[in-house]
Amino acid sequence: MVGTLVAFAPAGLAAAQVTTVETLPPAVDADGRTADERIDQVVVLLRILGAVLVVGTAGYWWRTRPATVERLAAAEPVLDEWAGSTEDVG
């Protein structure tokens, strides 16, 4: 172990490679949007779709829950009796 330290110690920091990071401009599509902007747009659209699904599910549940169905079923005979009356109105 001491031999390894003696052999590689002189190299130390002087032998370290210096890397240069080149900054490249982000790639843009035909509409001038970067990949991050396209991902952000997809995320926003998925959130809107999720909100529409939640609202649609809530509306479907509200219209088909048992209390609403029973109330609508009870109202139908009244409408049928009124529409089917044979009395002369005039």
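Enquirer: Talk me through the overall build of the protein; I want residue IDs and the actual numbers.
Expert: Helix and strand counts for the protein come out as three helices and zero strands. Put simply, the protein runs from its N terminus to its C terminus through helices and strands in the order α-α-α. In the protein, which comprises 90 residues, the share counted as buried stands at 2%. Total accessible area computed for the protein in this model is approximately 8,600 Å², and 66% of it derives from carbon and sulfur atoms.

Enquirer: Go over a nonpolar patch on the surface, please, and point to the residues and values.
Expert: A surface patch of nonpolar side chains, amounting to about 390 Å² of accessible area, comprises V42, L46, L49 and L53. Along the polypeptide, L46 turns up in helix α2 (residues 35-64). What makes L46 exposed here is its relative accessible area of 55%.

Enquirer: Describe in detail the side chain of T34, supporting the description with residues and values.
Expert: Structurally, T34 can be placed in the loop between α1 (2-8) and α2. Relative accessible area serves as the criterion here: at 17%, T34 is assigned to the buried category. For T34, the residues in contact, after removing those within four places along its chain, are P26, A27 and V28.

Enquirer: Break down the confidence of the model for the protein for me, citing the residues and quoting the values.
Expert: When pLDDT is averaged along the protein, the result is 76, and 62% of the positions lie at 70 or above. Here α1 stands out as the element of the protein with the lowest mean pLDDT, 59, in contrast to α2, whose mean of 95 is the highest.

What counts and how
- Residues numbered from 1 in each chain as written.
- Predicted model: local features only at pLDDT ≥ 70, side-chain atom pairs only at ≥ 80, totals over all residues.
- Heavy atoms only, no water.
- Helix = DSSP H or I, 4+ residues; strand = E, 2+ residues; numbered from the N terminus.
- Buried < 20%, exposed > 50% of the residue type's maximum accessible area, 1.4 Å probe, protein only.
- Areas by Shrake-Rupley, 256 points an atom, 1.4 Å probe, with all protein chains shown as cover.
- Patch = residues over 30% accessible without salt bridge, like charges linked within 9 Å, V, L, I, M, F, W, Y side chains within 5 Å.
- Salt bridge = Lys/Arg side-chain N within 4 Å of Asp/Glu carboxyl O.
- Contact = heavy atoms within 4.5 Å.
- pLDDT = per-residue confidence, 0-100.

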